[in-house]
Structures are given as structure tokens and as C-alpha cells.
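Observations on the model geometry
Letter by letter, the chains look like this.
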Amino acid sequence: MNYTNKIYKWTFVSLLFLMGTNIHAQEEVLLKEPLKVPSEGTARFKKTLKANSNDDVKTTYRTLSKEQFIGVANGIHGDDLSTSNELNLSNTLQGRILGLQVTTNANVPGGGGASITVRGKDRNANNSPLVLVDGIDRPWQDLNPEEIDKIVVLRDATSKILYGSRAANGVILITTKRGESSGLKISGGFEIGMKTPTSNPEFLSADEYAQYYNQARLNDGLPAFYSEQQIAAYRNGTDPLLYPNVDYRSFALKESAQYQKGYLNFQGGTKKAKFFAHLGYTGDGGLEASGFQTTYERFNMRANVDIELSHWATLKTDVAGRAEFRNKPAMSTGDFYTDLASTRALEYPIFIQEGDSRENTVLGASLHHPQNIYGQMNYGGYDIQNDRNIQTRIGLDFDFNDYVEGLSADVYASIDYNSMFKYGKNEGYNSYAVVMPGEEEGYQLQLVNSGLKADDQQRKASSDYYSNTFYGSINYDREFNDKHHVLVTGVGYLQGTSDSQSFQVHKHLHTGLTANYMYNKKYVIEGSSVLVASNTLQNQNQSMWTYSGGLGWIVSNETFLKNNDVLTYLKLKGSAGVLAHNNSLNYYSEVLRYGEDGDARFGPTNNNRYPVWKPTPYGNEDLEYEKSIEFNLGTELALFNKIYVEANVFRNARKDMPVAMDDFYPDYLGGNQMMMNYNSTLSNGLEVMVSYMKQLGAWHVGFSSNFMYQQTKWDDVLEYNFDENYLSQKGMPIGNVYGYRNKGFFQNANDIAGATRQTFGAVRPGDLRYTDLNNDGVIDEDDKTYLGTTDPTITYGIQLNVGYKNFNLFVHGSGLAGHYINNNSLYYQFDGLMNYSEIARGAWTEATASEATYPALTTAQSTNNFQNSDFWLEKGNFFRIKSVELSYTMPAKVVQKMAGIESTFTLRGNNLYEFTTISNKNLDPERPNTGITNFPIMRSVTLGAHFKF
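In this text, all values refer to a predicted model and were calculated from it rather than measured experimentally.

Parameters at a glance
The residue numbers shown here count from 1 along each chain, following its written sequence. Confidence filtering applies because this is a predicted model: local features only for residues at pLDDT of at least 70, side-chain atom pairs given and counted only at 80 or more, and all residues used for totals across whole chains, interfaces and linings. Hydrogens are left out, water is left out, and the side-chain values use all remaining heavy atoms of the structure. The secondary structure listing takes helices from DSSP runs of H or I that are at least 4 residues long and strands from runs of E that are at least 2 residues long, numbered from the N terminus. Atoms considered for the radius of gyration are the C-alpha atoms alone. The globule rule reads 2.2 Å times the number of residues to the power 0.38. Any two residues whose heavy atoms approach within 4.5 Å are treated as being in contact. Residue-level accessible areas treat just the shown protein chains as cover; the underlying method is Shrake-Rupley with a 1.4 Å probe. Positive charges come from Lys and Arg alone, negative charges from Asp and Glu alone, with His and the N- and C-terminal ends not counted. Every charge is mapped onto a representative atom, which is NZ of Lys, CZ of Arg, CG of Asp or CD of Glu. Distance thresholds for patches are 9 Å for like charges and 5 Å for nonpolar side chains (Val, Leu, Ile, Met, Phe, Trp, Tyr), applied to residues having over 30% relative accessible area and no salt bridge. A pairing counts as a salt bridge when a side-chain nitrogen of Lys or Arg comes within 4 Å of a carboxyl oxygen of Asp or Glu. Throughout this description, buried means an accessible area under 20% of the type-specific maximum (1.4 Å probe, protein chains only), exposed means over 50%, and partly exposed covers the range between. Inter-axis angles, ranging from 0 to 180 degrees, are taken between N-to-C directions of lines fitted to C-alpha atoms, where helices are fitted over the stretch in contact. Convention used here: angles under 35 degrees read as roughly parallel, angles over 145 as roughly antiparallel, angles from 65 to 115 as roughly perpendicular, and any remaining angle as oblique. We treat two strands as partners when DSSP finds at least two bridges between them. Buried residues of nine kinds, namely Ala, Val, Leu, Ile, Met, Phe, Trp, Tyr and Cys, make up a nonpolar core once their side-chain atoms join them within 4.5 Å. Helix span is expected to be 1.5 Å times the residue number reduced by one. For this analysis, a polar contact is any N or O atom pair within 3.5 Å, provided that within protein one partner can donate a hydrogen and the other can accept it, and provided that sequence-adjacent residues contribute only side-chain to side-chain pairs. Working definition: a ring pair exists when centres of Phe, Tyr or Trp rings (six-membered ring for Trp) sit within 6.5 Å. Plane angles under 30 degrees give stacked, over 60 give edge-to-face, the rest tilted. Any residue with an atom within 4 Å of a point lines the site, the site being either a cavity, points on a 1 Å grid over the protein atoms alone where a 1.4 Å probe fits but cannot get out, or a pocket, an open set with protein on both sides within 12 Å along at least 5 of 7 lines. Grid points are joined across faces, edges and corners, and a volume is the space filled by probe spheres set on the points. Note on residue categories: nonpolar means Ala, Val, Leu, Ile, Met, Phe, Trp, Tyr, Cys or Pro, charged means Asp, Glu, Lys or Arg, and polar means any other residue, Gly included. Within a predicted model, pLDDT stands for the predictor's per-residue confidence, ranging from 0 to 100.

In terms of helices and strands, the protein carries 12 helices and 45 strands. Relative to the compact-globule value of 30 Å for 949 residues, the protein shows a C-alpha radius of gyration of 32 Å, a close match. Dimensions of the protein, computed from the C-alpha atoms along their principal axes, are close to 105 × 75 × 65 Å. The long-range share in the protein, meaning contacts at least 24 apart out of those at least 6 apart in sequence, stands at 71%. With an accessible surface of roughly 41,300 Å², the protein has 55% of that area assigned to carbon and sulfur atoms. The distance from the centre of the 85 positive side-chain charges to the centre of the 104 negative ones in the protein is 9 Å.

In C-alpha cells, the structure reads:
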């Protein structure tokens with residue numbers, strides 16, 4: 001990587017020199033001609049606004065005019081997503097598309113994909129939408145925005161039904177760029193920047209920890225463990241071997257990581273042959289300050305070619321490849337960060353003797369914590385993982401218009417292959433605990449961890465994935481007498497996938513027909529019926545018919561509104577349908593299966609062992625598809641041809657969800673989890689989008705915002721028949737948190753004596769006090785109740801674009817609200833010999849009883865205080881400045897002097913700032929646990945240069 005970094009640095013210097021040269025060239029022409037060309041950023045933003053307000057709606061199987069389309073679909077162009085510095089495509093979508101809820105996860109280099117739902121969650125698990133790349137279900141999060149033409153999200157029954165049994169959760173269509181019948185166009189760019197964590201967890205120093213640990217012992221009725229002299233030694237560093245005070249996070253972590261990205265596009269062709277080619281590179285790194293470094297490099301390649309074989313047939317061939325190279329320490333990322341967060345500052349000195357090699361370095365440790373963080377990073381081994389992905393698609397588009405007016409068809413086949421191979425070393429090292437010295441001898445060392453250096457690498461893991469897909473459609477699209485417009489579409493889709501971890505081939509099939517009729521450009525009616533099938537179900541339940549229908553009225557084309565200068569467009573629409581969902585069942589759920597469970601002994605001395613087999617899950621031959629019953633009412637309107645508004649209200653009901661029927665059977669049957677169709681949910685929501693674009697002389701001002709409220713509640717749920725209604729989940733949100741209502745802290749012994757008995761262990765002053773909800777004189781499991789939901793009910797995003805001449809400022813923010821964060825991580829809940837975070841400073845004592853924000857500390861297990869309760873919940877609302885781009889595009893006169901090379905220079909920032917209701921500003925409001933038990937969410941700043949000619 002050192003050689004590569006030198007290349008990046010010299011390239012960056014060259015780009016700065018080029019920028020300076022271009023600015024100098026501009027100065028020569030500033031007085032000759034005013035600048036009129038809008039910036040590249042403004043052009044991108046206008047393109048996305050136009051796509052949502054005016055453009056035709058193009059899906060995998062058909063293309064409809066804005067008037068014809070009565071479904072719900074919104075999208076964004078790939079170039080508009082390039083304003084983000086996120087390496088994972090899923091993270092760039094947060095707050096950008098109406099109806100799409102995106103929650104960022106840990107930004108692990110080479111991972112960190114976001115959690116995505118369409119119109120929120122309809123079920124308590126398996127809510128991911130179906131994502132198709134050029135019509136095929138395939139990996140997508142590692143695509144580059146620069147190779148993407150458009151991303152469209154389909155959300156209602158009429159728009160989703162053509163995509164089969166995996167579409168009920170929503171469909172995301174990604175189409176890659178294709179060639180154009182023009183001369184060769186070349187574009188490219190390079191970015192380099194730095195990334196830093198959005199969170200900064202704070203843990204107590206050794207001397208402060210010792211003071212609070214002494215307080216915990218006093219609370220337990222025990223004498224202080226650390227003397228004042230020892231605490232002073234920790235504070236002053238007078239004896240760092242026996243009294244260490246180590247900030248392990250600062251030692252093990254760098255403040256920032258480097259980020260780099262480059263791409264090159266070729267696009268062009270003639271009327272007969274068109275092509276698009278993409279080459280892309282992205283590089284990312286971890287935060288390890290020493291030892292084996294986490295690095296990630298990805299190379300993307302794509303070639304899409306269209307060849308006109310005749311006036312009625314066009315051949316399309318696509319080849320895409322991706323190679324990924326991951327290097328990391330053998331210690332998992334989660335274990336690495338958890339170790340840093342859980343190790344007390346006084347635990348051990350990192351070095352007892354710091355040498356210049358493994359042989360002369362002596363590492364510290366403790367009896368309580370035998371692992372050494374330096375040893376884990378430098379001597380614990382490493383993992384090297386290589387991933388390769390190849391995707392191919394070939395197809396024919398037919399235009400039979402010369403033979404049957406309006407008739408067209410297409411047919412495609414694809415083969416995808418992914419492989420992963422991981423190798424490396426698992427090594428060991430010796431670490432020692434420092435023992436109190438005797439009167440004559442020096443410090444004594446006790447070996448607490450031992451391990452050897454490994455000479456050979458070993459294979460650690462490998463996997464292969466295969467996918468074969470065949471799909472096609474036939475369309476009859478014709479207008480009669482300028483009044484009757486008919487579009488009839490027939491589709492067929494078959495995909496089979498398999499991997500080396502399973503012998504089962506996953507097959508999904510659907511075929512169907514949809515018809516759209518528009519009269520006089522005013523009234524639209526549509527109906528669809530699709531047969532779906534999957535081999536996860538058997539016999540008569542293997543297939544299911546699904547249906548949808550909808551109506552639309554283009555009110556602005558009526559005589560009483562036509563040629564109106566204020567309300568320039570108005571459409572009312574409604575749709576309904578019954579879809580199948582089957583993306584969560586295991587294979588052979590209908591079969592009674594047996595598994596090995598221990599052994600039985602026979603013979604005179606019981607030495608003859610025979611394996612015992614018992615039923616694992618019972619089978620259910622009556623399992624059938626989960627159903628999604630969906631309704632949508634919406635409107636689209638435009639004011640003054642500049643303000644575009646879209647609004648939808650929706651109601652979705654999920655029925656017959658497969659669920660393990662444990663609670664229906666007594667324990668003596670073995671707890672076998674037979675699956676049955678039982679649970680159901682009901683979801684209601686509202687979504688609104690408003691966009692505006694205006695040119696004011698040399699200024700271009702654009703604004704777009706989207707808002708969604710959605711909540712799903714249990715309509716019927718498998719549970720015990722509780723005597724207390726407040727224990728039932730029925731009618732409650734699916735992301736519910738159940739626990740106890742707290743009444744503050746016990747203040748003294750009298751307080752405890754007069755309170756209702758709690759059954760979670762002995763209580764004392766400073767412990768949490770709970771509410772007896774059923775008034776039975778005891779607080780136990782029967783006093784749990786619904787406390788709130790961890791699923792956001794509100795999703796929103798805002799984009800602002802301001803362009804002046806050739807300068808452009810783009811700001812994008814996104815937020816989630818209407819949910820709670822459950823502070824049950826090790827940062828908040830610690831007892832025994834666990835590490836203390838800064839939260840401990842608010843712990844209850846007799847002196848701080850009136851202002852305490854945390855229960856009394858203890859060296860025992862805090863079972864009473866760590867019960868799930870509303871004490872640990874807080875509102876998780878936040879709004880994040882997700883991305884900011886300041887760009888400058890060279891004017892036309894300068895471009896002419898630069899041999900026609902159009903240059904744009906960018907300064908981009910990502911995750912720059914957060915506004916939140918969460919009280920602790922050291923943690924990330926979206927994922928408070930990142931940076932504590934996993935890699936943190938990162939903020940980044942990059943400089944870039946982009947060109948095209």
C-alpha cells in the first residue's frame with residue numbers, strides 16, 4: 001500500500017496543479033463573456049427532480065407515461081448519488097427517495113451495508129426489499145454510483161406485482177448505464193480524503209475508576225479495595241508497571257483513516273452499435289494504530305453493449321466484474337472494539353519491556369484479562385480475504401411494430417458467480433501479569449497467556465454462489481384514435497440460486513399478465529394477475545395466484561382545469577392488491593426431521609454407545625404463502641410548473657405469517673418448532689414529497705424534501721393468553737420493547753421496607769424501584785408492559801441545491817424519529833469487574849441522591865437494575881447532515897482552451913453533524929453501539945477532480 005499511497009499523493013498534487021492552471025485560464029476570459037453555463041451539480045439535481053415529476057416510468061418489463069402510471073414509484077439518478085463519500089451504495093440512499101427507510105450500520109471497511117426497508121417494516125424479521133440490477137436479483141451494494149443510470153423504488157401493489165413472491169416488501173430497480181448513438185464520451189474522476197469516527201466513547205481513567213470501584217464496594221458493605229496511595233500512584237504514573245493508567249483506545253486507534261476513489265467511464269456508439277464501459281477503484285482502511293492493518297480495496301468493471309441485428313431485433317450483452325481484497329487482524333472487528341471498551345484503564349501495562357522485535361518484547365496482562373491488545377494486533381495473526389464476482393446477461397429486444405403495430409418483446413438470460421476465499425494465520429503470544437515485588441527481588445511476572453508464532457498460512461474459509469436467471473416480457477402498446485391507449489404486458493421470470501454451504505437450489509418462478517387502459521388522457525384503469533411459485537413450499541401450496549388493480553384520473557386534463565397557470569398538473573390515483581410473500585421459510589418445513597441428540601449406553605458395563613435420534617422440528621404439509629393485502633390512495637400535482645407535490649396514504653395487512661408454534665404445545669413434547677401460518681400485522685402510513693426548482697438570473701435554486709410516517713402493529717400474534725391485558729402484544733407495534741415502569745431510586749431502608757417486594761434479587765438504597773402494575777403485592781414477570789418501539793415511525797430527508805454561475809452547493813440531510821434507543825449496552829450497564837464509562841459519574845450515593853442519574857454501583861451482579869425497563873430507554877430522534885458538496889465547474893470558454901475537457905472540482909463531506917434528542921453526545925445517535933462493540937460510523941471529507949470530454 002505504500003507505493004499506492006505515493007501514487008495517490010502525486011496524483012492529487014497534479015490535480016491541484018491542473019485546477020490552478022484552469023483558474024488562470026479562466027481569468028483571461030472573465031472580462032470577455034459572462035458565464036451562463038450551469039454547474040455540473042445543478043445539472044445533476046435538475047435531472048433527478050425531472051425524473052420524479054415529468055419523466056416516463058420505466059420498469060423491467062414496460063414503460064409508461066406519467067399519466068398512464070397509477071402506481072407509486074420514485075427514484076434518483078446514479079450521478080446524483082455520487083455527492084456522497086460512502087463506499088457502500090446502500091448508505092448513499094438514506095433520505096434520498098420517498099418511502100425508503102435507511103438505517104446506517106457500522107461502516108466496517110468492505111462492509112457496513114445499511115438496513116433498508118420500503119415503507120417501514122411489515123413484519124418483525126426479514127423485511128428487506130427485493131433489489132434487481134438490470135432485472136436480476138443479484139448483489140448490488142458494491143456498485144459505484146458512476147455506473148448506475150437510475151434507481152427506482154416501487155411501493156404499491158400494481159407496481160410490485162410483476163416481480164413475484166419476493167416483492168411484497170418492496171422492489172428496488174437499479175439500471176446501469178448504457179451506450180448512446182453519439183461520438184465517444186469519456187468521463188472520470190478521482191477523490192481522496194480522510195474519515196474519522198462520529199462517536200467518541202469515554203471511559204474512566206485508572207485513578208477515577210479506582211475511586212468509583214471503592215464506592216461500589218462500600219455500597220456492597222465491603223471495605224475499600226484501593227488505598228489513597230494506590231489511587232495517587234495511578235494518577236501520577238509513579239509506578240506504571242504495578243499501577244498502570246492506560247488509555248487503550250488512544251493507544252490502539254488512529255484518529256482517522258484514508259479514503260480514495262477513482263473511476264473512468266466510456267460511453268458512445270452509432271445507431272447500429274452502442275456501448276458503455278466502467279472502471280472503478282475504491283480504497284478504505286481501518287483505524288488500527290499498529291500491527292496488521294485493516295484495508296479494503298475494490299475494483300469494479302462493467303461493459304454493456306447494444307448491437308442492432310436488424311430493424312426489429314437488438315442484441316444486448318452485459319458483463320460486470322468485481323474484485324475485493326480485505327485484510328484485517330485475526331481478531332474480529334467486534335471483538336477488537338469490545339476489548340477496548342471493556343478493559344479497565346488499570347488492568348495491565350501494555351509493555352513490561354518494550355523491544356524492537358517479538359523476541360525481546362515482554363507484554364503485560366492480568367489474571368482477570370490475560371489478553372494484551374498490542375499482542376492481539378501484532379502477534380495474534382491475520383485474515384486475508386479475496387472476493388470475486390462475475391455477472392453476465394445476454395438478451396434480445398424485439399420490435400414487431402412493422403408487422404403488428406405496438407407489439408414488442410424481450411428475452412434475457414444471465415449467469416452470476418461469486419467466490420470467496422479466506423486464508424491467514426492464527427498465532428499466539430506470551431503475556432504476563434506483574435506481581436507485587438518482594439523485599440529483595442524485583443517485580444515477579446506470572447505467565448497468564450501463552451502462544452507460539454505460526455510459520456505457515458492456513459485456509460480459513462471459502463464459499464461459492466451461483467445464480468441462473470431467465471426472464472422475458474411481451475408488450476402490446478398502442479393508441480387508437482388519439483383517445484384509447486392500451487398497454488398489455490405479459491411476463492415470465494425464473495431464477496435458481498445455490499451456494500457451497502447448502503445442497504438446496506433455491507428456485508423462484510412467476511408469470512402473469514397486466515393490462516393498462518387510458519381514455520382520452522384523463523382516465524386510467526389497470527388490472528394484473530400473476531402466478532407465483534417457489535420450491536420452499538410443497539404440493540398444492542407451492543403456487544399462488546396474486547391480483548392487483550387500480551384507477552387514475554388526470555384531473556388537470558379536464559376542461560375546467562386545462563391551461564390553468566396555477567394548478568398545472570393534478571392526478572388522483574388508487575390501487576389495491578393481494579400479493580404473496582415467501583422469503584423467510586426454510587426448506588423441508590413440511591417434513592418431520594430427526595437429529596442426533598446424545599447417546600444411549602448398553603451392555604454389561606454400559607460401554608456400548610449408540611446415538612439417540614429425536615424429532616427436531618415437526619413438519620407441516622399445510623404451510624402456505626404469507627399474504628400481503630395492500631391499499632394505496634395518492635395524488636400528484638404541480639403548481640406553476642415549478643413546485644411538484646406527491647402524497648400517498650397506504651394500508652397494508654400481512655396475513656398468515658409463518659411462525660414456530662412453541663407456545664401451543666407443552667414442554668414435554670420437546671419444544672419442537674413446527675411452523676404454521678398464524679401471525680398477522682396491520683400497517684398504516686403517509687408519505688409526502690415536495691420539490692422545487694427555479695432559475696433567477698445566474699442563480700439556480702432547488703429544493704426537495706420527503707417525509708414518511710409509518711407504523712405496523714400486531715393484528716394477531718402467537719403468545720400466551722395473559723390474564724393481564726397490558727402484557728399482550730396484540731395491537732402493539734412490532735418493534736416493541738416490553739419491561740417495567742420505573743419509579744426512580746430507593747432512597748433509604750425505610751423506602752425499601754414500605755415498597756412492594758421486587759423479585760429480581762436483593763435491593764438496597766440506590767437501586768431502581770418498579771411499578772406493581774397488576775397490584776398483586778409482588779413485582780415479577782407479570783408486571784411487564786409495553787414501553788415503546790425501537791422502530792422509527794418517521795423518516796424524512798431534505799436536499800438543497802444552490803448554484804451560482806459555475807459554483808454549486810448541495811446539502812443533503814436525513815433523519816429518523818418516533819422511536820426509542822435501548823441503552824442496554826456495556827457502555828451503560830456495568831457491574832462486577834466491568835469497565836466503567838463516564839456514565840458512572842452520575843451513580844447514586846447518599847451525597848448525590850437528589851441528582852443521581854444512574855443506579856448505585858455494585859461489585860456484584862446488578863440483576864435488579866438491569867431488568868428491561870423504561871429507565872434505559874430514551875427517544876432516539878436525530879437529524880444528520882448526511883452529505884455536503886461544494887463544486888466548481890469550469891466555464892465553456894475555459895473548456896475550449898483545455899481541448900474540450902470539462903472539469904469539475906469538488907469538496908465533499910459526509911455525516912458532518914447530528915442534531916439529536918439522545919443525551920450522550922459521545923455516541924452516535926443512529927447506532928449508539930458503534931465504536932463500542934463494533935466499527936464506528938464514519939464522517940469524511942474529500943477533495944476530488946472530475947472531467948469529461
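The next subject is a nonpolar patch on the surface. A contiguous nonpolar patch, built from L809, L886, L907, L912, Y913, F915, V941 and L943 and spanning about 690 Å² of accessible area, is present on the exposed surface. In terms of residues, the nonpolar patch owes the most to one element, strand β44 (residues 902-916), which gives 4 residues. Tracing the sequence through the fold places L809 in strand β40 (residues 807-817). Given the relative accessible area of 35%, L809 is considered partly exposed.

With that out of the way, let us pick up the packing of helix α6 (residues 206-219) against helix α7 (residues 228-236). Remark: α6 packs on α7, axes separated minimally by 7 Å, with the N-to-C direction vectors making an angle of 155 degrees. Relative to α7, the element α6 lies roughly antiparallel. Contact with α6, carried on its side by A206, D207, A210, Q211 and N214, involves I231, Y234 and R235 of α7 and no other residues of that element.

Turning our eyes to something else, we now look at the sheet that holds strand β16 (residues 362-365). A sheet is described by the order of its strands in space; here 4 strands give the open sequence β15-β16-β19-β20, paired in mixed fashion. A strand with exactly one partner marks an edge of an open sheet, and here the two such strands are β15 (351-353) and β20 (444-449). Within this sheet the neighbouring strands show an average axis-to-axis angle of 45 degrees, counted without direction. Judged from the 3 bridges that link them, β16 and strand β19 (residues 431-435) form a sheet pairing that is parallel. Its bridge partner lying in β19, L363 is registered against S431.

Another point: the environment of K743. Inspection of the secondary structure assignment puts K743 in strand β34 (residues 742-745). Considered as a pair, K743 and N372 are 371 residues apart in the sequence and their alpha carbons are 42 Å apart. K743 has contacts with R769, Y770 and T771, leaving out every residue within four places of it along the chain.

Residues Y226, Y836 and L857 are the most contacted members of the largest nonpolar core, which totals 42 residues. Elements supplying a minimum of two residues to this core: α6, α7 and β36 (768-770). Broken down by element, this core gets its largest block of residues, 5 residues, from α6. The residues contacting Y226, other than those within four sequence positions of it, are Y209, A210, Y213, N214, I231, Y234, R344 and L346. A73, A167, L173 and Y412 belong to the second largest nonpolar core, which has 29 residues in total.

A few words now on helix α2 (residues 40-53). Here α2 spans 20 Å end to end across 14 residues, near enough to the 20 Å set by a 1.5 Å rise per residue. Within α2, burial applies to G41, T42, R44, F45, T48, L49, A51, N52 and S53.

On inspection of all chains with the given rule, the structure shows 55 salt bridges. In this structure, the salt-bridge partner of D306 is R178, at a minimum N-O distance of 2.6 Å. Here the residue D306 occupies a position in strand β13 (residues 295-310), and R178 occupies one in the loop between β9 (171-176) and β10 (185-197), the gap between them amounting to 128 residues. Given a relative accessible area of 10%, D306 falls into the buried group.

Moving on to the environment of D924. Topologically, D924 is positioned in the loop between β44 and β45 (938-948). On a C-alpha basis, the gap between D924 and Y212 in space is 26 Å, while along the polypeptide they are 712 residues apart. Non-local contacts of D924, meaning those with residues more than four positions away in its chain, are made with T198, S199, R880, T930 and I937. A distance of 2.5 Å separates a polar atom in the side chain of D924 from a polar atom in the side chain of T198. At 3.2 Å, the side chain of D924 forms a polar contact with the backbone nitrogen of R927.

Once that is clear, we can look at the packing of aromatic side chains. One pass over the structure, following the stated rule, counts 46 aromatic pairs. Judged by centre distance (5.8 Å) and plane angle (80 degrees), the rings of Y337 and F935 are edge-to-face. In this pair, Y337 is assigned in helix α9 (residues 333-342) and F935 in the loop between β44 and β45, connecting sequence segments 598 residues apart. Taken as a pair, Y337 and F935 share a single burial class, namely buried. With a centroid separation of 5.7 Å and 5 degrees between ring planes, the pair formed by F398 and F400 is classed as stacked. We classify F400 as partly exposed; its relative accessible area is 22%.

Counted as a void, the second largest pocket has a volume near 1,000 Å³. Along the walls of the second largest pocket sit 43 residues, with N105, A114, S115, I116 and R927 positioned nearest its centre. Counting residues per element, the ones that place at least two in the lining of the second largest pocket are β4 (100-103), β5 (115-118), β6 (130-133) and β41 (820-822). Among the residues making up the lining of the second largest pocket, the classes are represented as 16 nonpolar, 20 polar and 7 charged.

In this structure, N481 is a non-glycine residue whose phi angle is positive, near 55 degrees. When you line up the elements, N481 lands in the loop between β21 (458-480) and β22 (484-499). On the basis of relative accessible area, N481 is assigned to the exposed category, the value being 69%. The backbone of N775 shows a phi angle near 55 degrees, a positive value even though the residue is not glycine.

The mixed open sheet is built from 5 strands, whose spatial order is β3-β8-β9-β6-β7. Edge strands, defined here as strands with exactly one partner in the open sheet, are β3 (73-77) and β7 (136-137). Pairing of β6 with β9 involves 4 bridges; the strand directions are parallel. Directly across from V133, in β9, lies its bridge partner I174. Along the sheet, α2 contacts β3 and β8 (148-154); its crossing angle with β3, the most-contacted strand, is approximately 160 degrees.

Here we take up the side chain of E558. Tracing the backbone through its elements, the reader meets E558 in the loop between β25 (543-554) and β26 (567-581). A distance of 2.9 Å separates the side chain of E558 from the side chain of W553, its partner in a polar contact. Not counting the four nearest positions on each side in its chain, E558 is found in contact with K522, Y523 and W553.

This brings us to the confidence of the model for the protein. Averaged over all residues, the pLDDT of the protein is 90; the fraction at 70 or higher stands at 94%. Scored below 50 in pLDDT, residues 1-37 makes 40 contacts in the model with residues more than four places away or belonging to other chains.

Time to look at the pairing of strand β29 (residues 626-639). If a strand is regular, its side chains alternate between the two faces of the sheet. Judged by how many residues are buried, β29 sits mostly within the fold: 10 of 14 residues are covered. Pairing of β26 with β29 involves 14 bridges; the strand directions are antiparallel. The residue bridging A580 from the neighbouring strand is K627, located in β29. Note: β29 against strand β30 (residues 643-660), 13 bridges, orientation antiparallel. Looking across to β30, one finds that I629 is bridged to A653. Between β29 and β30, which pair antiparallel one after the other, the connecting turn spans 3 residues, and F640 there sits at a positive phi close to 55 degrees.

By the secondary structure assignment, E630 is in strand β29. Taking the relative accessible area as the measure of exposure, E630 reaches 3% and is therefore buried. Of the polar contacts made by the side chain of E630, one reaches the side chain of K160; its length is 2.9 Å. Once residues within four sequence positions are removed from consideration, E630 is found in contact with R155, D156, A157, K160, A168, S575, A576, G577, L579, R651 and N652.

Judged from the 11 bridges that link them, β10 and strand β11 (residues 257-269) form a sheet pairing that is antiparallel. Residue G188 lies in a different strand from β11, and its bridge partner there is L264. By the bridge criterion, 11 bridges tie β10 to β45 in an arrangement that is antiparallel. Within β45, the residue paired with M194 across the bridge is V941.

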